[in-house]
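# Structural characterization, general
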Protein chains: 2
Amino acid sequence: MAQAVRHDSMRARNLALVLGEVSRNGPVTRAALAEITGLTKTTVSKLVGDLLESGMVTESPPPADADRSRGRPGVAVRLRGDRVAALGLEINVDYLSVCVMDLTRTVRLRRTQAVDNRDSSSTDVVRNLRDLALQAVDEAAAAGLSVAGAALAVPGPVDPAQGLVHSAPNLGWGDVRPADLLDLPFPVLVDNEANLAALGELWFGSGMPDFLYVSGEIGIGAGLVFGGALFRGTRGFAGELGHVVVDPGGPDCRCGGRGCLERYAGQDALLDAAPDGLLDGLIRRLTAGDTRARAACEQAGRALGTALTSAVHLLDPGTIILGGIFAPLFPWLRGPAAEALRHIRHVVPNFAVAEAGPDAAVLGGAGQVIQQVIADPAGHMPRATAGLQT
Amino acid sequence: MAQAVRHDSMRARNLALVLGEVSRNGPVTRAALAEITGLTKTTVSKLVGDLLESGMVTESPPPADADRSRGRPGVAVRLRGDRVAALGLEINVDYLSVCVMDLTRTVRLRRTQAVDNRDSSSTDVVRNLRDLALQAVDEAAAAGLSVAGAALAVPGPVDPAQGLVHSAPNLGWGDVRPADLLDLPFPVLVDNEANLAALGELWFGSGMPDFLYVSGEIGIGAGLVFGGALFRGTRGFAGELGHVVVDPGGPDCRCGGRGCLERYAGQDALLDAAPDGLLDGLIRRLTAGDTRARAACEQAGRALGTALTSAVHLLDPGTIILGGIFAPLFPWLRGPAAEALRHIRHVVPNFAVAEAGPDAAVLGGAGQVIQQVIADPAGHMPRATAGLQT
DNA sequence: AGTATTTAGTCCACAACGTAGACTAAATCA
DNA sequence: TGATTTAGTCTACGTTGTGGACTAAATACT
């Protein structure tokens, strides 16, 4: 339940409110902020003063735009990108990935290391990632950036509250707590790859506030973004679209069920129709009009449409966004999938390709940490509650 | 986004915090409230004073329990049930229903009128309900209760933000705004029957904070309660379990899709196996061991299990609670449904019967209004912001 | 140019609210 | 009866936001 409101939390909330508006509206004058937030000019001035001092924002001497002409021009306040940063991390089947992102959500550093993680122990994999991460932190520090936190994307169901990876079958992991193994000098949030990719799509893609992001990797996951925030379910396992039942009489799935979507539209099922088992080969065949490839896509599209029909009825997402391997295959999947979705009684949700690209998960993770900083600047300010008390 | 925090909203929040704890913990002393909320005794005293004055709480001269012996005994503060009330309303295919509930969530009045609403226009149906409602308000007023608001349950998808019933096929309704037609002197919240029944189960049933309530009526709906609140989806249409695809090659559904759960486990499908098309007859046959009846239940149970498998993967509910027609049929449905759910990889959710009974929706609706009053006492206080200002 | 007007931002006295600790009240224990 | 313990109130005070006066810096009008 909600906590008691004291004067300091009142301050913290208003600080977050102001910083949030600065983040949303780009450079804004104090006067505009007062108007938007409903606070008085005085209060906004004081709050902005604190934010300036903490290095979260700067003033832009030129007032940026000049759409109103009369009166004293205001000084614009905008996010300051050269102090606070966040780390995005990703462990996937065949690569490790890091990025450093500043407060303005600009990527400052981006590094991917191709490794086959299937045959390594979780400890080894995480150790590798740790090296990458520490190197990134050093380089960020050299640029004056201090890292406030990190987010790690993992392919498989995660309980983000406890940071527990329940099982990442494609990595051969059982219950693992990667944050403990990483042992970094700042908090590390662990979440499912599809969830963080969905957030990536939120901030670096189309930018709509409500959608279901479908992540076609080796497994099929989905992240439901709802009012700009993730819906995670009771234990954090929501969005396992890959195991929605498409046909109860269908083939067995490694999850123990039968006829799961993954068996029809997972990477393995799709790339079966590729000459070399690679995506590029499949796309070549599709463009060449290969019958078998087209049939595989049509089957996958139909299955996807069926599963999404169930998902739409249960979750009521605003839009469906296809990401991962589904993005390049969109031209061939769209038709059959849309055909199945066409029958929904109420408003049929839009259907779109992801725009954030393959980096979505790392970017989304780092973006989530930035989001947390912006949502609670008081908790991340240099000497917020510092002081010598009894 | 969050609103600015001023002194008065700080007060409002702390008032809500105190009242919420009084509601959760029953009679509590001010000292205990101070401990629970983290506010000082002084502040709690002042807040309780306001709540006393507004008629939301009373003092219980006897301190109720006596588990600690030393020291001055405190005066317990508890919700006051004889001032503020809420109205629960329901329109269903063959009845109208009203209840008056006080702040302590005690039902003060309960009235159901059997009418076949299938052949009446929405205007007529709502006019009937209005009469019932006004009568209930009068009787409540006679008992000293003033109605703070109402909630109306309707069978079909509703956009609660706009109060718009999108289509209630079983009533023959198109887009209707019942709150406008009701024209009552307090706000009326309109929501889907399954959603409000889920809330009914939350407050008058098992009392767990996270579950998926499955409402088996003519249609099959579901309400997802998550941390004590409803998940509604982008437009409020989430939880349409009845149209989750059980078999893409199955029979056509009136929703335009194929093989929806409703075709296998809806009331029509189940009561087909009853001699007179009534539930009691079906149950008699089932207890008698009738083969056809048992087969119908087994098919329905299997289909329910399949649909719930998809729902569990997408929504990750804590528990599944079967309500409506499914509650009495639970003994025969449980086996086949659980069999399908058994295969889920992660934690299999519990499976239980609803305890709130057939009144769940009206009770849940009224309870929701009470919830709103408790969550914002300042907004419902007699002369909260009254005063003569410029 | 010079003055009026407009808008931005700051200053200051004040009000609202919660806090800390002294103080009073009412019970039990010795 | 008096010490102890716990509940609740009272008072001086600190923090935070407010409202309006005031200063600053631009354009518009004459």
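Residues numbered from 1 in each chain as written. Chains lettered and ligands numbered in written order. Predicted model: local features only at pLDDT ≥ 70, side-chain atom pairs only at ≥ 80, totals over all residues. Heavy atoms only, no water.

Attention now goes to the protein's contact with DNA strand D. The local shell around DNA strand D holds 28 residues, among which His7(A), His7(B), Thr42(B), Ser45(B) and Val75(B) are the closest. Here the atoms of DNA strand D within 4 Å of the protein split so that 65% fall in sugar or phosphate, with bases taking the remainder. Arg72(A) has a polar side-chain atom sitting 3.3 Å from a base nitrogen of DNA strand D. Elements with a minimum of two residues in the surface near DNA strand D: helix 1 (7–25) and helix 3 (41–54) of chain A together with helix 2 (30–37) and helix 3 (41–54) of chain B. Grouping the constituent residues of the surface near DNA strand D by class yields six nonpolar, 13 polar and nine charged. (Near = heavy atom within 4 Å. Polar contact = N/O pair within 3.5 Å; in protein donor to acceptor, adjacent residues only side chain to side chain. Helix = DSSP H or I, 4+ residues; strand = E, 2+ residues; numbered from the N terminus. Nonpolar A, V, L, I, M, F, W, Y, C, P; charged D, E, K, R; others polar.)

A few words now on the relation of the copies chain B and chain A. Both copies of the chain are related through a single rotation about an axis accompanied by a shift along the same axis. Each copy superposes on the other: chain B lies on chain A with an RMSD of 0.1 Å after a rotation of 180 degrees and an axial shift of 0.0 Å. Viewed as a symmetry operation, the transformation between the two copies matches a two-fold axis. Among all C-alpha atoms of chain B, that of Asp247(B) lies closest to the rotation axis, at 2.8 Å. Comparing contact sets, 100% of the residues at the interface of chain B also lie at the interface in chain A, consistent with an isologous, same-surface contact. (Least-squares fit on C-alpha atoms with pLDDT ≥ 70 in both. Contact = heavy atoms within 4.5 Å.)

In the vicinity of DNA strand C, 30 residues are found, and the nearest of them are His7(A), Thr42(A), Ser45(A), Arg72(A) and Val75(A). For DNA strand C, the backbone makes up 67% of the atoms found within 4 Å of the protein, where backbone means sugar plus phosphate. Within the side chain of His7(B), a nitrogen or oxygen atom sits 3.3 Å from a base nitrogen of DNA strand C. At the level of elements, helix 2 (30–37) and helix 3 of chain A together with helix 1 (7–25) and helix 3 of chain B are the ones that each hand at least two residues to the surface near DNA strand C. Here the surface near DNA strand C gets five residues from one element, more than from any other, and that element is helix 1 of chain B. The class makeup of the residues in the surface near DNA strand C is seven nonpolar, 13 polar and 10 charged.

Here we come to the pairing of strand 10 (residues 188–192) of chain A. All names here are of chain A. By the criterion of burial, strand 10 is predominantly enclosed, with five of the five residues buried. In this structure, strand 7 (residues 146–154) lies alongside strand 10, joined through five bridges in parallel fashion. Residue pairing across strands places Val154 opposite Asn192, the latter belonging to strand 10. (Buried < 20%, exposed > 50% of the residue type's maximum accessible area, 1.4 Å probe, protein only. Pairing = 2+ DSSP bridges.)

In this section: helix 4 (residues 122–142) of chain B. Residues and elements named next belong to chain B. With 21 residues, helix 4 ought to run about 30 Å at 1.5 Å a step, and its terminal C-alpha atoms sit 30 Å apart, in line with that. Among all positions of helix 4, only Ser122, Val125, Val126, Leu129, Leu132, Ala133, Ala136, Val137 and Ala140 are buried. For helix 4, the buried positions fall inside an angular range of 140 degrees around the axis, keeping them on one side. Exposed side chains of helix 4 directed beyond 90 degrees from the buried face belong to Arg127, Asp138 and Ala142. Those residues of helix 4 that are buried lie in contact with strand 4 (84–91), strand 5 (95–102), strand 6 (107–114), strand 7 (146–154) and helix 5 (178–182). Just past helix 4, the residue Gly144 takes up positive phi, approximately 90 degrees. (Expected span 1.5 Å × (residues − 1). Arc of directions from axis to C-beta.)

Let us now look at the environment of Arg302(A). All names here are of chain A. By the element assignment, Arg302 lies in helix 10 (residues 291–315). Of the residues examined, Arg302 reaches a relative accessible area of 45% and is grouped as partly exposed. On a C-alpha basis, the gap between Arg302 and Ala340 in space is 6.5 Å, while along the polypeptide they are 38 residues apart. Apart from residues no more than four positions distant in its own chain, Arg302 is found in contact with Pro336, Ala337 and Ala340.

Residue and element names in this part refer to chain A. One can read the domain layout of chain A as domain 1 (7–80), domain 2 (84–200 + 360–378) and domain 3 (206–353). Listed by partner, the interface residues are 19 residues for domain 2 and 17 residues for domain 3. Counting each side, the surface lost to burial between domain 2 and domain 3 is near 1,400 Å², with a carbon and sulfur contribution of 54%. The interface formed by domain 2 and domain 3 contains one salt bridge. Across the pair Arg232 and Asp191 runs a salt bridge, and its minimum N-O distance is 2.3 Å. Where domain 2 touches domain 3, the interface holds two residue pairs in polar contact (both at pLDDT 80 or more). Elements with a minimum of two residues in the side of domain 2 that touches domain 3: strand 8 (158–159), strand 10, helix 6 (193–204) and helix 12 (360–375). The leading source of residues in the side of domain 2 that touches domain 3 is helix 6, at six residues. In terms of residue class, the side of domain 2 that touches domain 3 is built from 10 nonpolar, six polar and three charged. (Domains from an automatic or database assignment. Buried area = accessible area lost by both parts, 1.4 Å probe. Salt bridge = Lys/Arg side-chain N within 4 Å of Asp/Glu carboxyl O.)

Right, let's get into the sheet that holds strand 2 (residues 57–60) of chain B. Residues and elements named next belong to chain B. Taking strand neighbours across the sheet as the criterion, the three strands line up as 1-3-2 in an open arrangement whose pairing is antiparallel. Taken across any chain shown, the strands that pair with only one partner, and hence form the sheet edges, are strand 1 (28–29) and strand 2. Sheet topology places strand 2 next to strand 3 (residues 76–79); four bridges connect them, and they run antiparallel. When the bridges of strand 3 are listed, Ser60 appears paired with Ala76.

Moving on to the packing of helix 6 of chain A against helix 12 of chain A. Residue and element names in this part refer to chain A. Viewed as axis vectors pointing N to C, helix 6 and helix 12 meet at an angle of 75 degrees, and their least axial separation amounts to 6 Å. Relative to helix 12, helix 6 is oriented roughly perpendicular. Mapping the contact onto sequence places Glu193, Leu196, Ala197, Leu199, Gly200, Trp203 and Phe204 in helix 6 and Ala360, Ala361, Leu363, Gly364, Gly365, Gly367, Gln368 and Gln371 in helix 12. For the contact of helix 6 with helix 12, the class distribution of residues is eight nonpolar, six polar and one charged. (Axes fitted to C-alpha atoms, helices over the stretch in contact; angles between N-to-C directions. Parallel < 35°, antiparallel > 145°, perpendicular 65-115°, else oblique.)

All names here are of chain A. Inspection of the secondary structure assignment puts Asp102 in strand 5 (residues 95–102). A polar atom in the side chain of Asp102 sits 2.8 Å from the side chain of Arg108. Ignoring any residue separated from it by four or fewer positions in sequence, one finds Asp102 in contact with Gly81, Val84, Ala85, Arg108, Leu145 and Ile370.

So, about the interface of chain B and chain A. The interface is formed by 57 residues belonging to chain B together with 57 residues belonging to chain A. Summed over both sides, the interface of chain B with chain A buries roughly 5,200 Å², with 60% coming from carbon and sulfur. One can count two salt bridges joining chain B with chain A. Between Arg235(A) and Asp316(B) there is a salt bridge whose closest N-O contact spans 2.4 Å. Across the chain B-chain A interface, the total number found is 23 residue pairs in polar contact (both at pLDDT 80 or more). Elements with a minimum of two residues in the side of chain B that touches chain A: helix 1, strand 12 (220–226) and helix 10 (291–315) of chain B. Tallied by class, residues from the side of chain B that touches chain A come to 26 nonpolar, 19 polar and 12 charged.

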